[in-house]
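The residues making up each chain are set out below.
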Amino acid sequence: MQNFQSEASKASWVTELTTFLFGAALLTILVFELPAEVFSPESKSFILAIGFIGAWRYSWWFVQAIRSVWYNRKVFPKLRAQADAVAAVEKPDHLYILCTSFRIEPEVSFAVYDALVRDVHAYGVPTTIFAAISDRSDVDIIDHVMAENGWPGNVEISYMFQKGDGKRSAMAEVLRAISRRLPSHRSLLVSMDGDIQIEPGTLEHSLSFFLANDELGALTTNNRAIVNGGDVTKEWYDLRYAQRHLVMSSMSVSERLLVLTGRYSAFRAELATDPGFIDLVENDHVEHWRFGNFKFLSGDDKSTWYWLIKNNWKMLYIPDVYVSGFEELPDRDRFFKSSIDLMRRWFGNMLRTSGRAIGLGPRSMGFFTWWSLVDQRLSMWTTLIGPSVAIMLTLFVRPSFIFAYALWIIFTRSIATTVLALQRGRFSLLWVPLLYYNQVGGALLKTYVSFRFNRQKWSRQGISAGEPDDPKAVRRQRMMGHFMHGVYYGGMLMVLIIAVGVLAPPDRLSMAAWKDESELWGDAQNASENDSYWIALSLADVPAGDSVQLPAEDLMLDATLNEELSKLDAIHATRMNGYDANMSTVLLVAPDLADKLRNAEQRPLSEVQQMTCTQDNACTLMTQQGPIVLTDMEVRLRSAQA
């Protein structure tokens, strides 16, 4: 048989070199061709919007990274020493292994069961392997494995054929069969998928932790991937496992996890055979105000996790024990479609369970674990803020913003990838774009699924569930999901549009324009005859030290300008700018205001009758609250207009 374990599931050097050259070229273009205007003061809304949210998100991520390092270098070595000391003198009284297979390739099944039987034989504990299979050919393969290994005396094989309605019913049947054998507190259960190959010593080096800690209810191990696919697919899986390692290690500091992976997890057999545990595995469901009552199709690992965390059992991640999964995308030739389909199922399982887990409160699981669950809900929205702001500012403010955002992405994801690589023990340049794809693409999928998490599909089994039988009810649910999703995302966009200045909220001038015309102007002249009122409001409404841009037309001012300014709390503007192109700005000033305007030589308008205000020879309007500089406009005395 083929030795799958020797295969390295990583990108080729050609792919890595191509990625490096492309990244270097892109970085060179961004650095040397980046417009200087990106760093202008007007970019502050972009920098604040991206930087503030980024600082929050990455500070939390680095907390997880620091906890992960602490666990792997300080906490876990002590736990390992305790477990190894106990393993030298104690072993469980019986081991049960639940292995579920559904249409697994024969060579994969042989490799999986061969590695399993060899390790069980070496462990030396009386073991019953419950093979939940779907085809008679699986029996022949497993019998062949047993014959190859000399039918070990401590290994019993029990075959159970699946109904074909999903993994949950098969697991429940096996758990009931184990419960009839009355397992003790020292009996253990390993639950694993039929496409997971364990390494020699996996059982001894993982199960010993139960013997060292009576409060430990379950554990899971580190993962590797044996990928049948292209270079991008290989690195995508390994990146996911690197991210998993970081989060699992961090959570183990609190002796809790966020999931008990179905690939390989171990439990105390007496817990896994509890009637409540079995019922939750088989019949887990949710009662939702919009979707009604619907059963979960997949996500058994979330159900087992929820039962344990609800009953205050500790959990642990074993980082130095690896199991290898035979991974293949549903459609090898369509990476994005297949990866999206997988993530949609994973995120659906997460969202269907995390809400009720959050409802348990921090007391049952500790604050850090509880907040990590809350953060899962928040992060799917905050992750979308950066690209949303970048797209808005690029489209509506300045196209060059996209260059700054691209630099931000390369910088931050390179740092995050380096941290992951240091803990994973290997690095791939493909991780940088794939990390961004996982984050943003994952966030989009999570927000999508959060309004439609009743819709479930399992590609390998070819089954789906969660929606009503009535087509009209299905359409109503889907339309409501689209509407609510649009309202939530539209609300976030509106807040961002106002926050970054793409669309300013109504100021006092705008609010005044909505009022009745007689109230708006009071004793002032009609707007066609006098512009003093709105110019006064404009001088007060801009940010402190900013300028007011006047339109290219004739504007009329008189002494009411000072009267209106005196009614305001403060004048923020220090300048008024006009247009000096083909159409110019002209101020037509009444005689009662003429003495307040002076040219560059400090001569009043009443004396010179007309003045030209430029950037080099600016004019000045004297007000009770200070001078205002006038540029790029003509100023004329109204009586001399003809």
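Residues numbered from 1 in each chain as written. Predicted model: local features only at pLDDT ≥ 70, side-chain atom pairs only at ≥ 80, totals over all residues. Heavy atoms only, no water.

1. A short note on the overall build of the protein
Thought 1: Summing up its helical and strand segments, the protein has 21 helices and 21 strands in all.
Thought 2: Split into buried and exposed, the 642 residues of the protein put 53% on the buried side.
Thought 3: Within the protein, contacts between residues at least 6 apart in sequence are counted, and of these 80% link residues at least 24 apart.
Thought 4: Of the roughly 29800 Å² of accessible surface on the protein, a fraction of 57% belongs to carbon and sulfur atoms. (Helix = DSSP H or I, 4+ residues; strand = E, 2+ residues; numbered from the N terminus. Buried < 20%, exposed > 50% of the residue type's maximum accessible area, 1.4 Å probe, protein only. Contact = heavy atoms within 4.5 Å. Areas by Shrake-Rupley, 256 points an atom, 1.4 Å probe, with all protein chains shown as cover.)

2. A word on helix 12 (residues 367-382)
Thought 1: Taking 1.5 Å as the rise per residue, helix 12 with 16 residues should run 22 Å; its terminal C-alpha atoms sit 21 Å apart, in good agreement.
Thought 2: At Gln376, helix 12 shows its maximal bend, which comes to roughly 30°.
Thought 3: For helix 12, the buried fraction is high: twelve of the 16 residues fall into the buried class.
Thought 4: The complete set of buried residues in helix 12 reads Phe368, Thr369, Trp370, Ser372, Leu373, Val374, Asp375, Gln376, Ser379, Met380, Trp381 and Thr382. (Expected span 1.5 Å × (residues − 1). Bend = angle between axes of the 7 residues up to and from the residue.)

3. Looking at the state of the cysteines
Thought 1: Applying the stated criterion across every chain, the model contains one disulfide.
Thought 2: Linked covalently through their sulfurs, Cys613 and Cys619 form a disulfide whose S-S length is 2.0 Å. Disulfide Cys613-Cys619: torsion about the S-S bond near -100°, hence left-handed. Comparing Cys613 with Cys619, the two get one shared label, buried. (Disulfide = S-S within 2.5 Å.)

4. A few points about the environment of Tyr322
Thought 1: Counting through the fold element by element, Tyr322 comes out in strand 10 (residues 314-327).
Thought 2: For Tyr322, the residues in contact, after removing those within four places along its chain, are Glu199, Thr202, Asn222, Asn223, Arg224 and Arg424.
Thought 3: Here the side chain of Tyr322 touches Asn222 through a polar contact of 3.4 Å, side chain to side chain. (Polar contact = N/O pair within 3.5 Å; in protein donor to acceptor, adjacent residues only side chain to side chain.)

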